[in-house]
Amino acid sequence: MARKKYDCLKCPAYCCSYAHIPTTKTDIKRLAKHFGVSEEKARKKFTKKGDKENPRVLRHTADEHFVSSCMFLDKQTRNCTIYEARPKICRDFPTQTRCGYYDFLMFEREVQDDPEWIATTD
Ligand code: SF4
Ligand code: SF4
């Protein structure tokens, strides 16, 4: 497998701020097991209505950098609080050896001469 050209540990978890983070039935089942609740409860508590393509997406909470982000993102550490139980899409992303946001972030940090800079896209 080709080496990854991004480091999520240096990133403020931009991908966790995507409005539509899809969940499958298997993802909801995993979340239910992780929290010891019924699948119906997990579905209602952790997901909300998405669109035609992704009917159930992860719920968000307020985020000082990206307006809102996944409810499971620790807003201080920028780490996933349910790493072992995270949905498949989170395991697979970004599906390539590069991450577009990471490239942008590294460019901005160099330009700003600030290794902690959090680049936003709006
Ligand atoms: S935006 Fe890219 S570098 Fe940042 S956490 Fe997501 S996959 Fe990792
Ligand atoms: S479940 Fe974890 S990895 Fe997935 S979007 Fe939420 S915080 Fe990010």
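Scoring rules and cut-offs
- Residues numbered from 1 in each chain as written.
- Chains lettered and ligands numbered in written order.
- Predicted model: local features only at pLDDT ≥ 70, side-chain atom pairs only at ≥ 80, totals over all residues.
- Heavy atoms only, no water.
- Phe/Tyr/Trp six-rings, centres within 6.5 Å; stacked < 30°, edge-to-face > 60°.
- Helix = DSSP H or I, 4+ residues; strand = E, 2+ residues; numbered from the N terminus.
- Buried < 20%, exposed > 50% of the residue type's maximum accessible area, 1.4 Å probe, protein only.
- Core = buried A, V, L, I, M, F, W, Y, C linked by side-chain atoms within 4.5 Å.
- Near = heavy atom within 4 Å.
- Nonpolar A, V, L, I, M, F, W, Y, C, P; charged D, E, K, R; others polar.

Looking at an unreviewed UniProt entry, one finds the protein named Zinc-or iron-chelating domain-containing protein and attributed to Amphiplicatus metriothermophilus.

Moving on, we come to the packing of aromatic side chains. A complete count under the given rule lists nine aromatic pairs for this structure. Ring geometry for Tyr 14 and Phe 66: centres 5.3 Å apart, planes at 75°, overall edge-to-face. A residue pair is termed long-range when its members are at least 10 positions apart, and Tyr 14 in the segment before helix H1 (25-35) and Phe 66 in the loop between strand E3 (60-63) and strand E4 (67-70) qualify at 52 residues. You can call Tyr 14 buried: its relative accessible area is 17%. A relative accessible area of 11% places Phe 66 in the buried class. With a centroid separation of 5.3 Å and an interplanar angle of 55°, the aromatic rings of Phe 46 and Phe 72 are classed as tilted. In this pair, Phe 46 sits in helix H2 (residues 39-46) while Phe 72 sits in the loop between E4 and helix H3 (88-92), placing the two residues 26 residues apart along the sequence. Through successive ring pairs, a cluster of aromatic residues spans Tyr 14, Tyr 18, Phe 66, Phe 93, Tyr 101 and Phe 104.

Below, the discussion takes up the nonpolar core. Grouped together as the largest cluster of nonpolar side chains are 11 residues: Ile 21, Ile 28, Leu 31, Ala 32, Ala 42, Phe 46, Leu 58, Cys 70, Phe 72, Ile 82 and Ala 85. Taken together, the elements giving at least two residues each to this core come down to H1 and H2. Take this core: its biggest share by element is three residues, from H1. By size, the runner-up hydrophobic cluster in this structure holds nine residues, among which are Cys 11, Tyr 14, Leu 105 and Ala 119.

Around ligand 1 sit Cys 8, Cys 11, Ala 13, Tyr 14, Cys 15, Phe 93, Pro 94, Cys 99, Tyr 101 and Tyr 102, and that is every residue in its neighbourhood. Among the residues making up the shell around ligand 1, the classes are represented as 10 nonpolar, no polar and no charged.

Of the consecutive residues Phe 93 and Pro 94, the connecting peptide bond is found in the cis state with omega at 5°. Residue position: Pro 94 is located in the loop between H3 and helix H4 (100-112). A positive phi angle, close to 70°, is found at Val 67, a residue other than glycine. Tracing the backbone shows Val 67 in strand E4. Unlike most non-glycine residues, Thr 95 shows phi in positive territory, near 65°. Following the sequence through the fold, Thr 95 ends up in the loop between H3 and H4. Overall, Thr 95 belongs to the exposed group, its relative accessible area being 64%.

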